[in-house]
Amino acid sequence: MNQTPAIFRYWGKADSSYDGEPKWHPLAYHSLDVAACGQTLLRQQPAWLESLARLSGLEPAVLSPWLVFLLAIHDMGKFGDGFQSLRPNLQQELQGRAAKVAYDVLHDTLGYAVVMEHLPEWLGFPDLARRGGSLLRLWAAAVTGHHGRPPMNDGLKAHVIRHLPANTVMKDAEQFVVDARRLLLPESWTFPGRAGDSLERYKRTSWLFAGVAVAADWLGSNTRWFKYHQPSLNLEEYWHQLALPRAETAVSESGMCAPISASDAAFARLFPRIAASPTPLQAWADAVVIGRGPQLFVLEELTGGGKTEAALTLAARLMKEGCARGVYFALPTMATADAMFDRVQKKFDVESDEPWRRFFSGGNAALVLAHSAAGTKQKLDALQLRDGGYNDQHEEASASQYSTAWIADSRKKALLADFGVGTVDQALLAVMPLRHQSLRLLGVSTKVLVVDEVHACDCYMGELLARLLRFHAALGGSAVLLSATLPQEHREKLISAFADGAEFANRAPVQNDYPLATHLHASGIAEVHTPAREAVSRKVAVEPFTDEDAVFQRLQATVSRGGCAVWVRNTVADAVAAWHTWSTNNPDDPATLFHARFALCDRLKIGEQINKDFGAESRAEARRRRLVIATQVVEQSLDVDFDDMVTDLAPIDLVIQRAGRLQRHKRDVDGNPAARDGRSGAKLGVLMPEPTEDAGSDWFKRLLPKAARVYPDHGKLWLTGRWLASRGTFDLSADARDMIESVYAEDGYERIPPALQGVTDAAEGACKADKGTARSNLLSFDQGYDPTGMDWPDEDAQVDITTRLGEKTVRLRLAKISGGNLTSWAVADENIEWTLSELTVPRRLLTKESYRYAGLIKQAREKMPDQGRYCLIVPFEQYEDAWRGWALRERDEDVFEEVRVMYSPKTGLSIESGEVIDESDL
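Remember, predicted model here, so these are calculated numbers, not experimental data.

Caption draft 1: Here's a closer look at the overall build of the protein chain. Helix and strand content of the protein chain: 31 helices and 27 strands. Summarising its shape, the C-alpha atoms of the protein chain cover approximately 95 × 65 × 55 Å along the three principal directions. Here the protein chain holds 922 residues, and the buried ones make up 63% of them. Restricting the contact set of the protein chain to residue pairs at least 6 apart, pairs at least 24 apart contribute 76%.

The following block contains the structure:
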């Protein structure tokens, strides 16, 4: 019989291909590895412990050992016969038996059951068992939910009886708990007596502790730092000699140590190039009094008014005052995230490669882009290792297998980075019942959450953002919201959500000035009118067009006289069609096509060239006789200006956004930068039907059928067209508020023609339905990280819980067939080339990979850093000037047909059949 002490006869990690001996790691040691990582994280990330203490009402000296002890029992379910029998030979070797119990309850749920059933008795803390263990429930769910989702809550007692025989396994599990308590909890430590609001406090605390448990388990599961070890040391020896030193190394090398905020957060230090001439909004951000506790800022100013620098100044000042330890800058699209990343990385100051570092003191901070990671060194790359899992098809992926794929996806990594830039979706996922939500919430909780272009949130996303603000404020976080065109009703909703989470008295905003800076804090709400920046306060003349031929004539006239122009279209299909028409009729003046249906590498290249040719520093030779035909990506992602612009009719807030790219910078008559503008004034062409009083229900659809479903509220489009046509000219600053409220205020409905009121009613009904769907897809802060009867799927799986409604999409990775292998479309550094080869299309167009390339696809997927999870790989062969590939489309339920896919770096992706007719390009 094996003479090893009983608690060491249970394996926690095992891998037959492990490089070294033994091929397994004792469960007791692994449990201490994770506890040591948790203890080190709480010390290296003091803001986490401070938040946990504030939320729980427990002193850090009392709370910290309790959390570390809980982390030591995170894997109690692995004592069960079902888990141990995943390696029957190893169980036989260690325990002298091979249990015949099916692994039909995951170890996280079984661990929760064991803790709830027996921990109060084993620890001698009867308070934990009272009222059905309600005080223990949230702690137990958070720590056993270390695989990124809460444990299941059904059949707990039966699971324990079946998987942990009372006279053997149960005794060993109890012994480990008693030994861990003796090691990790001070002898005098007792569970704090119940206060009246303890349960509510523990619910709030559970959200953050669940994230700490995931992070600690990932680090403690990584064989880079935690090598397998023979059970030759007792728990105390292993804890001090191996677990704690290894945890110090793991936290340090993984980049999980918190940086120190800069001691000087003045605008002049952050942005020295423009320090001499801050905009009024920037000057306000530099001077406003920063208090303590959660705070919300809402900055409303035109594009070009300096909102970004003002927001970052506020973020740096909040960090300096101890209100945050970093920044997450959330943007509406990948393109805007790319542009913002470029700005914070280098473009704020061409003389400094990394101006974002001015927000921190010392060199251990990290900047991460939330989706493409182009050229950056990721702070957590060291976690891309494996521990071998459990080598059984019935067991879910192990902690390090999940962390490898998860951390390899930089979209998600940005929330843990000290300075993250990414899409707003990555933050919104923190308040949805999807796997690893808790780690996202933990990451953003200590950041200043900056959300740009808040007006871009539709009915569904608006609900999600409001819930995120409630969570963020409740956890002690601060936020800055930016918009050029925020309707008053939307502003009130977001302010109310933050006030609710922070438990401020509900102070509704009252001012309707523009531009406007709003500051909500514990003592009240301040609304300050800031003068508009002179450079963006310009008049714009409006010229309506009712057919495309007239648009082409205007664009040809502009190009012929040496100017540059842009036509902003509402759909990819319309943009591509216009590009083909122009190219056929104007072969000597080729146009540039820009939309989101390009592989990321090509999209970045086109965007960079447009920014170079039409940006603030561009000169006449680059701009002369140039035309860009683009979708919505150009209105948000680039700091460019054109001599002339035409836009398809869109909601009035988007028209204002697009007009912000029209003669944005002062230039002489030739197009060179100048102190005064020498052009003939900004003129905006708008392709739209005439907004007559007797407009029918098909008023918009007749002229722009492909865009009819992109912007379904045709009544509000009529109000937009009516305002533009009736005024003929507008001032981008003075008229902005009136423009927005004339369309979005409640009294606007009465002015809509009767036939279009029905369309608006349908759109508003859909909006209410979307809000209801959003609420059903959101977590409740007051419920806490509770055990559940629902599955929390992986966020990239094809599920209904999503950050955006509308047509379901699929992520493609484009590949070239070369020499019998697949290579990425993008030519780039290893580990990012496949990401740069991605684009997204509606799932109804491409549903599965072609069978003809199955072998090549399998080989390519195995070599990808994230194993190609949740994406389709489309191989291409060169065909004349383009590239041709194949994929499958679902024709009927479970009936698929093969379709041809074409790709060109000039025009993007096209599909043989079922082309998109109603897709926006967001």
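Caption draft 2: Examining the environment of Arg813 more closely. Looking at the element boundaries, Arg813 is found in strand β20 (residues 809-818). It is 8.5 Å that separates the C-alpha atoms of Arg813 and Leu836, two residues lying 23 residues apart in sequence.

Caption draft 3: Quick peek at the side chain of Asp81. Secondary-structure assignment places Asp81 in helix α4 (residues 81-84). In this structure Asp81 comes out as buried when scored by relative accessible area, which is 3%. Within the structure, the side chain of Asp81 is placed 2.6 Å from the side chain of Arg97, a separation counted as a polar contact. Setting aside residues up to four positions removed in sequence, Asp81 forms contacts with Gln91, Arg97, Ala99, Val101, His163, Pro165 and Val169.

Caption draft 4: Broad picture of the environment of Glu463. Mapped onto the fold, Glu463 is located in helix α20 (residues 459-474). For Glu463, a relative accessible area of 8% puts it in the buried group. Remark: the alpha-carbon pair of Glu463 and Thr773, spanning 310 residues in sequence, is separated by 9.4 Å. Contacts of Glu463, omitting those with residues within four sequence positions, involve Lys493, Lys771, Ala774, Arg775 and Leu778.

Caption draft 5: Region of interest: the packing of α20 against helix α30 (residues 754-776). The geometry of α20 relative to α30 is characterised by a closest axis approach of 7 Å and an angle of 35° between their N-to-C directions. Seen along the crossing, α20 lies across α30 with a hand that is right-handed. Each of Cys459, Tyr460, Glu463, Leu464 and Arg467 in α20 lies in contact with α30, whose residues at this interface are Cys767, Asp770, Lys771, Thr773, Ala774 and Arg775. Broken down by class, the residue content of the contact of α20 with α30 amounts to five nonpolar, one polar and five charged.

Caption draft 6: Main features of unusual backbone geometry. In the segment running from Glu21 into Pro22, the intervening peptide bond is cis, with an omega of 0°. With respect to the secondary-structure elements, Pro22 resides in the loop between β1 (11-14) and β2 (24-26). The residue after Tyr514, namely Pro515, is reached through a cis peptide bond having omega -10°. In the Ramachandran plot, Gln663 falls in the positive-phi region, its phi being about 45° despite a non-glycine side chain. Within the secondary structure layout, Gln663 lies in the loop between α27 (652-659) and β18 (682-687).

Caption draft 7: Layout of the sheet that holds strand β13 (residues 539-545). Taken together, seven strands build an open sheet; the order of strands is β15-β16-β14-β17-β18-β13-β19 and the sheet is mixed. At either margin of the open sheet sits one strand with a lone partner, and together these are β15 (592-594) and β19 (729-731). Strand-to-strand twist of the sheet, defined as the mean angle between neighbouring strand axes without regard to direction, takes the value 20°. Two strands pair when backbone bridges link them, and β13 and β19 are joined in this way by three bridges, in the antiparallel orientation. Looking at the pairing, Ala541 lines up with Thr729 of β19. Against the sheet, helix α23 (residues 572-585) engages β14 (564-568), β15 and β16 (626-630), with an angle of about 155° to β16.

Caption draft 8: Expanded view of the state of the cysteines. All told, the structure shown has one disulfide when counted by the stated rule. Disulfide pairing places Cys459 opposite Cys767 at an S-S distance of 2.0 Å. Taking the sign of the S-S torsion, -105° for the link of Cys459 and Cys767, the bridge is left-handed. Remark: Cys767 occurs in helix α30 and Cys459 occurs in helix α20; sequence separation between them is 308 residues. What makes Cys767 buried here is its relative accessible area of 15%. For the unlinked cysteine Cys257, the closest cysteine sulfur is that of Cys37, found at 12 Å.

Caption draft 9: Region of the structure containing helix α29 (residues 736-744). For α29, a buried count of seven out of nine residues is recorded, marking the element as mostly surrounded by other parts of the structure. Among all positions of α29, only Ala736, Arg737, Met739, Ile740, Glu741, Ser742 and Val743 are buried. Taken together, the buried residues of α29 touch β4 (296-300), α21 (488-502), β11 (516-521), α27, α28 (714-727) and β19.

Caption draft 10: Inspection of the pattern of salt bridges at higher detail. For the coordinates displayed, the defined rule picks out 50 salt bridges. The salt bridge involving Arg554 is made with Asp644; its shortest N-O contact spans 2.5 Å. Taken together, the residues Arg554 in helix α22 (residues 548-560) and Asp644 in strand β17 (residues 644-648) connect sequence positions 90 residues apart. Note on Arg554: relative accessible area 11%, which makes it buried. Residue class for Asp644 comes out buried when judged on its relative accessible area of 4%. A salt bridge links Arg569 to Asp648; the nearest nitrogen and oxygen atoms lie 3.1 Å apart. Highlighted residues: Arg569 in the loop between β14 and α23 and Asp648 in strand β17, separated in sequence by 79 residues. Summarising the burial analysis for this pair, Arg569 and Asp648 share the class buried. A single network of salt bridges, built from pairs that share partners, joins Arg623, Asp641, Asp643, Arg667, Asp677 and Arg679.

Caption draft 11: View of empty space enclosed by the protein. Under the counting rule described, the total for this entry stands at five cavities of 30 Å³ or more. Reported here for the second largest cavity is a volume of approximately 110 Å³. Lining the second largest cavity are 12 residues, with Gln45, Leu416, Asp418, Thr446 and Lys447 sitting closest to its centre. A class-by-class count of the residues in the lining of the second largest cavity yields five nonpolar, three polar and four charged.

Caption draft 12: Spatial organisation of the nonpolar core. With 141 residues, the main nonpolar core has Trp66, Phe69, Met76, Trp139, Phe209 and Leu449 as its most contacted residues. Looking at this core, the element that brings in the most residues is helix α10 (residues 198-220), giving 13 residues. In contact with Met76, not counting residues within four places along its chain, are Gly111, Val114, Val115, Trp122, Ala173, Phe176 and Val177.

Caption draft 13: A look at the pairing of β11. Here β11 lies mainly inside the structure; five of its six residues are buried. Alignment of β4 against β11, held across five bridges, turns out to be antiparallel. Of the residues in β11, the one forming a bridge with Phe297 is His519. Pairing geometry for β11 and strand β12 (residues 524-529), over six bridges, is antiparallel. Its bridge partner lying in β12, Leu516 is registered against His529. What sits between β11 and β12 in their antiparallel hairpin is a turn of two residues.

Caption draft 14: Main features of the packing of helix α1 (residues 27-44) against helix α2 (residues 46-56). Closest axis-to-axis distance for the α1/α2 pair is 4 Å, and the angle between their directions is 95°. In terms of axis orientation, α1 runs roughly perpendicular to α2. Contacts between α1 and α2 involve Leu41, Leu42, Arg43 and Gln44 from the first element and Pro46, Trp48, Leu49 and Leu52 from the second. Here the contact of α1 with α2 is built from residues that sort into six nonpolar, one polar and one charged.

Caption draft 15: Representation of the pairing of strand β5 (residues 326-331) within the structure. Most of β5 sits inside the fold, with six of its six residues counted as buried. Where β5 meets strand β9 (residues 447-451), five bridges bridge the pair, whose relative direction is parallel. What sits directly across from Tyr328, in β9, is Leu449. Alignment of β5 against strand β8 (residues 419-423), held across five bridges, turns out to be parallel. Opposite Phe329, over in β8, you have Val421 as the bridge partner.

Caption draft 16: Representation of the side chain of Ser51 in the model. When you line up the elements, Ser51 lands in helix α2. Overall, the relative accessible area of 11% leaves Ser51 in the buried class. Setting aside residues up to four positions removed in sequence, Ser51 forms contacts with Leu208 and Leu475.

The rules behind these values
Residues numbered from 1 in each chain as written. Predicted model: local features only at pLDDT ≥ 70, side-chain atom pairs only at ≥ 80, totals over all residues. Heavy atoms only, no water. Helix = DSSP H or I, 4+ residues; strand = E, 2+ residues; numbered from the N terminus. Buried < 20%, exposed > 50% of the residue type's maximum accessible area, 1.4 Å probe, protein only. Contact = heavy atoms within 4.5 Å. Polar contact = N/O pair within 3.5 Å; in protein donor to acceptor, adjacent residues only side chain to side chain. Axes fitted to C-alpha atoms, helices over the stretch in contact; angles between N-to-C directions. Left-handed = near helix turned anticlockwise from the far one by under 90°. Nonpolar A, V, L, I, M, F, W, Y, C, P; charged D, E, K, R; others polar. Pairing = 2+ DSSP bridges. Disulfide = S-S within 2.5 Å. Salt bridge = Lys/Arg side-chain N within 4 Å of Asp/Glu carboxyl O. 1 Å grid on protein atoms, 1.4 Å probe; cavity = no way out; pocket = protein on both sides within 12 Å on 5 of 7 lines; lining within 4 Å. Points joined across faces, edges and corners; volume = space filled by probe spheres on them. Core = buried A, V, L, I, M, F, W, Y, C linked by side-chain atoms within 4.5 Å. Parallel < 35°, antiparallel > 145°, perpendicular 65-115°, else oblique.

Don't take any of this as a statement about function, it's just geometry.
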